[in-house]
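# Residue-level structure breakdown
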Amino acid sequence: MILPSHDVFLNVFLLIIGLLFIFFGTGILRILSSILFAIILGYLFFIESIKIFNSQILALLIAFIGMIIGGLIGFLILRLSIALIGGIIISEYLSKILDLNVLQTFIIFILISIVLYIVSREILVLATVFLGGFMIFYSLIGLGFNMFISAVISLILFILGLVFQLKR
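For clarity, every value in this text was computed on a predicted model and none was experimentally measured.

Procedures and definitions
- Residues numbered from 1 in each chain as written.
- Predicted model: local features only at pLDDT ≥ 70, side-chain atom pairs only at ≥ 80, totals over all residues.
- Heavy atoms only, no water.
- Core = buried A, V, L, I, M, F, W, Y, C linked by side-chain atoms within 4.5 Å.
- Buried < 20%, exposed > 50% of the residue type's maximum accessible area, 1.4 Å probe, protein only.
- Helix = DSSP H or I, 4+ residues; strand = E, 2+ residues; numbered from the N terminus.
- Contact = heavy atoms within 4.5 Å.
- Phe/Tyr/Trp six-rings, centres within 6.5 Å; stacked < 30°, edge-to-face > 60°.
- Lys NZ or Arg CZ within 6 Å of the ring centre and 35° of its normal.
- Axes fitted to C-alpha atoms, helices over the stretch in contact; angles between N-to-C directions.
- Parallel < 35°, antiparallel > 145°, perpendicular 65-115°, else oblique.
- Left-handed = near helix turned anticlockwise from the far one by under 90°.
- Nonpolar A, V, L, I, M, F, W, Y, C, P; charged D, E, K, R; others polar.

### Remarks on the nonpolar core
The biggest cluster of nonpolar side chains holds 5 residues, and these are Ile22, Phe23, Ile136, Leu140 and Leu157. Listed by contribution, the elements that provide at least two residues to this core are helix H1 (8–53) and helix H4 (102–142). Contacts of leucine 140, omitting those with residues within four sequence positions, involve Leu15, Phe145, Ser150 and Ile153.

Below is the structure:
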């Protein structure tokens, strides 16, 4: 188990990040997804443009276009990514346990992916609120609060964050 740090600045930082995740976690993940896709697509556009046009300035302009496209894609497909990745993991696991053939595994993958897509927003909310609550709990203990008080505060914030994010 990782013991809480007694570094006040680290704990205050974790407390702030935890609060942000509790109340704005899904938005933060969408932004991070957009940034990641923008970087990846911009990089790929730059590398391929250099090869094709042999011009750095043109490659930079094309990379910028790639970053805009990547940012939009990352913003739009976060939920789809979660559904597909979850569908792959769960269907592969079930395939091994139930000894399914390829067609059965594919059908289960499709069904699970559809269900996960439908509930992906709630999964994201639950995951980010849980992560934020854990950060708050960890930081409060590091700041010297007793474990019970830290747990109660974290639980209250967890519930408030769930309600706040699910109503949005």
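### What about the packing of aromatic side chains?
Here the structure, examined in full by the defined rule, presents 4 aromatic pairs. Arranged with centres 6.1 Å apart and planes meeting at 40 degrees, the rings of phenylalanine 106 and phenylalanine 109 form a pair that is tilted. Separated by 3 residues within a single helix, phenylalanine 106 and phenylalanine 109 lie in helix H4, roughly one turn from each other. What makes phenylalanine 106 partly exposed here is its relative accessible area of 46%. You can call phenylalanine 109 buried: its relative accessible area is 16%. An aromatic cluster of at least three residues, connected via ring pairs, comprises Phe23, Phe24 and Phe164. The ring of tyrosine 117 carries the charged tip of arginine 79 above its face, separated from the ring centre by 4.7 Å.

### Comments concerning unusual backbone geometry
Backbone geometry follows two general trends: most residues other than glycine have a negative phi, and most peptide bonds adopt the trans configuration. The backbone of asparagine 54 sits at a positive phi, close to 55 degrees, despite the residue not being glycine. Relative to the assigned elements, asparagine 54 resides in the loop between H1 and helix H2 (56–76). Judged by relative accessible area, which is 69%, asparagine 54 ranks as exposed. Even without being glycine, aspartate 99 reaches a positive phi, approximately 55 degrees. One can find aspartate 99 in the loop between helix H3 (78–98) and H4.

### A closer look at the packing of H1 against H2
Across the interface, H1 lies against H2 with an axial gap of 6 Å and an inter-helix angle of 150 degrees. The orientation of H1 with respect to H2, classified from their angle, is roughly antiparallel. Note that H1 runs across H2; the crossing there is right-handed. The residue inventory of the contact of H1 with H2, partitioned by class, reads 17 nonpolar, 9 polar and 1 charged.

### Some thoughts on the side chain of threonine 128
Within the element layout of this structure, threonine 128 appears in helix H4. Setting aside chain neighbours within four positions, we find threonine 128 in contact with Phe21, Ile22, Gly25, Thr26, Leu29 and Gln165.

Remember, this is a structural readout, not a statement about activity or role.
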